[in-house]
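Observations on chain architecture
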Amino acid sequence: MGTTKTIHTDGQRKQRRARLRGRGTLVCASPSLSSSKGDNFAIPLSTIVSILAVMLAAFFHLLGFTATGPITPELVKHFDIPGSKIGYLTSAYPLGMFFALFLWPRLSDLPMVGRKKVITLSLLGVGTFLLAQAKCVSLGYSFETFLILRVLAGCCAGASPVIKAYLADIGSSVSASMRAASKKATREAATTDKAGMNANNNAAIAAKRYENGAFTARLMGWREACCTLAFVVGPTVGGIICSGLSLSATIAFTGYASILASILVFVLVVEPTSAQTINVVADGSSEKSKNEGGGSSNDANANVDALYDSQNLSCPLGVSLVAAVGTICVTSFLYNAGQSTFDSFFPLVISRTVGMGPTMIGATLTSLSLVSLSISTLLFAPIFKFFGLTKTCGIGLALVAIGLAMIGVSTTAFTAGLGAFFYVCGVPLFTPSIPILLMQCVPTTSRGAVMGFDSAINSSARIITPVLLGSVFAASRGKAFLCAATCVGAAFVIVVIRSFVVFRETRVKYFPSRNQ
């Protein structure tokens, strides 16, 4: 009797450890390589450090970018830019970025180059040319020279899509390893005692939390939170530096921030290893074949709504790869048309209508970014879990479109601020969805190229929109923001229609009898 009680107590302790560790983000309950009874599967320390370093690099890089938000009116005054050419300030950098994004991400897909080298060189190049822009302002060079340097800085700006690809690689590797741990726990549960079986079953359930891109979604959400934090801190820092020191000092700060990000990546980041993932795929080939065969008819009938919900498809916005990627890129283009309008002209709106200086503009942008940060860190994960990926994407687009439209029709500072509030609520719901959707649609060896292509499409929107709407904004602020709201609204309509069409096509293909 004493022996039986001891075994039961050990099993309970193992179950409690499995449940507690299963709640962790980076350490998950499952059998390890060294034990068969409920030890930990731990993500390697080097991988954890790499993830943190990449997040910090994204923060510092965007910190430099966001610090220049409040100085747009000061740049207009410094170079005496006419209203029709204000959009050139925000179009020059994406113009260089458009060409860079066809090169840097493709290089990162090459095994001999890898993600780390591309991220390091990209951030270093951007920082160098930002320092050159600071010198250009302090020495009184022409507006044309300043624009050329911004284009050259953009030519080095390939880090963002490569960082997304790097995090997608890490997420895929961890998810694959967790699936292997889950299958191993399930197999061992059949041959162990009852207590051990309970512990291993808990381990298997915990591991499943990281299947189907769930861990990648977490990584993308954290990256978005880091980027949003940069949007919180950057405008205030930029406004203070510009008001307390000078315009050129603010730009120099952005360059040093990008160089610091480059150093972090060079020192701390390691390339994700594919050996573990390859072994996992080989180990789970029988299960994969079974799943591709369709499983049992009872399972299919019992879970038809779950299996063929558009959220669970490999390409929820297209049955074929081309259709899915094309839909995502068009949606992203239209969204960025709206976003570039806000980034280019909203500081001017509050400067001219309320009379804000750089410090107050920075504080306003920081306040709005705090809202976005709160949604990224607290609400994105539960909204994603409850609604699914495409619905979360659609909600974000709807909020952004409403916000831009409210700014366009506003006649008071309150309504303009309310529109900006809706806008920043939608941004953190939409932006993490795009890399996750692309990750679901393309293989690992093509992620850098595809995400680079998507970023190039985004850059084209950021090049074209401020130039086209610059004259419209000079004539009528409302029309410019209403045009931007129309673009984002069109993106929302595309997401809704495509997800419905894909769901219907897939249902008809696999369950024709249900449509008779």
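Predicted, not measured: the structure shown is a model, and the values here were computed from it. (Residues numbered from 1 in each chain as written. Predicted model: local features only at pLDDT ≥ 70, side-chain atom pairs only at ≥ 80, totals over all residues. Heavy atoms only, no water.)

1. As for the overall build of the protein
If you tally the helices and strands in the protein, you get 22 helices and 2 strands. The 516 residues of the protein split such that 52% are buried. Counting contacts in the protein only where the partners sit at least 6 residues apart, residues at least 24 apart contribute 82% of the total. Total accessible area on the protein stands at roughly 22,700 Å², and carbon and sulfur atoms take up 66% of it. (Helix = DSSP H or I, 4+ residues; strand = E, 2+ residues; numbered from the N terminus. Buried < 20%, exposed > 50% of the residue type's maximum accessible area, 1.4 Å probe, protein only. Contact = heavy atoms within 4.5 Å. Areas by Shrake-Rupley, 256 points an atom, 1.4 Å probe, with all protein chains shown as cover.)

2. Some remarks on the pattern of salt bridges
Considering all chains together, one arrives at 3 salt bridges under this definition. In this structure, Arg115 engages Asp169 in a salt bridge whose closest nitrogen and oxygen atoms are separated by 2.9 Å. Placement of Arg115 in helix H6 (residues 114–138) and of Asp169 in helix H8 (residues 159–189) is noted, with a sequence separation of 54 residues between them. The residues Arg115 and Asp169 share a single accessibility class, namely buried. We note a salt bridge from Asp343 to Arg462, for which the minimum N-O separation is 3.5 Å. Here Asp343, found in helix H16 (residues 321–354), pairs with Arg462, found in helix H21 (residues 447–475); they are 119 residues apart in sequence, far enough to count as distant. (Salt bridge = Lys/Arg side-chain N within 4 Å of Asp/Glu carboxyl O.)

3. Quick look at the nonpolar core
Counting residues in hydrophobic clusters, the biggest one holds 103 residues, and the most contacted among them are Phe342 and Leu404. Considering every element that reaches this core, the biggest residue donor is H16, with 12 residues. Grouped together as the second largest cluster of nonpolar side chains are 9 residues, Met97, Leu101, Val126 and Ala153 included. (Core = buried A, V, L, I, M, F, W, Y, C linked by side-chain atoms within 4.5 Å.)

4. Notes on the side chain of Ser340
Note on placement: Ser340 falls in helix H16. At 3.1 Å, the side chain of Ser340 and the backbone oxygen of Ala337 are in polar contact. (Polar contact = N/O pair within 3.5 Å; in protein donor to acceptor, adjacent residues only side chain to side chain.)

5. Notes on the packing of helix H17 (residues 358–387) against helix H19 (residues 413–430)
Running from N to C, H17 and H19 cross one another at 40°; their axes reach a closest spacing of 8 Å. Viewed along their axes, H17 and H19 adopt a mutual orientation that is oblique. With respect to the hand of their crossing, H17 and H19 are arranged in right-handed fashion. In this structure, H17 uses Leu368, Val371, Ser372, Ile375, Ser376, Phe380 and Ile383 to contact H19, whose residues at the interface are Ala420, Phe421, Val424, Cys425, Pro428 and Leu429. Of the residues in the contact of H17 with H19, the class split is 11 nonpolar, 2 polar and no charged. (Axes fitted to C-alpha atoms, helices over the stretch in contact; angles between N-to-C directions. Parallel < 35°, antiparallel > 145°, perpendicular 65-115°, else oblique. Left-handed = near helix turned anticlockwise from the far one by under 90°. Nonpolar A, V, L, I, M, F, W, Y, C, P; charged D, E, K, R; others polar.)

6. As for helix H4 (residues 87–100)
In this model, H4 (14 residues) spans 21 Å end to end at C-alpha, consistent with the 20 Å of a helix rising 1.5 Å per residue. Turning to H4, its buried residues are Gly87, Leu89, Ser91, Ala92, Tyr93, Pro94, Gly96, Met97 and Ala100. (Expected span 1.5 Å × (residues − 1).)

7. Section: the confidence of the model for the protein
Residues with a pLDDT of 70 or more make up 73% of the protein, whose mean pLDDT is 74. Least confident of the elements in the protein is helix H15 (residues 304–307), whose mean pLDDT is 31; most confident is H6, at 92. In this model residues 14–40 is a low-confidence stretch, pLDDT under 50, and it forms 61 contacts with partners more than four residues away in sequence or in other chains. In this model residues 204–212 is a low-confidence stretch, pLDDT under 50, and it forms 23 contacts with partners more than four residues away in sequence or in other chains. (pLDDT = per-residue confidence, 0-100.)

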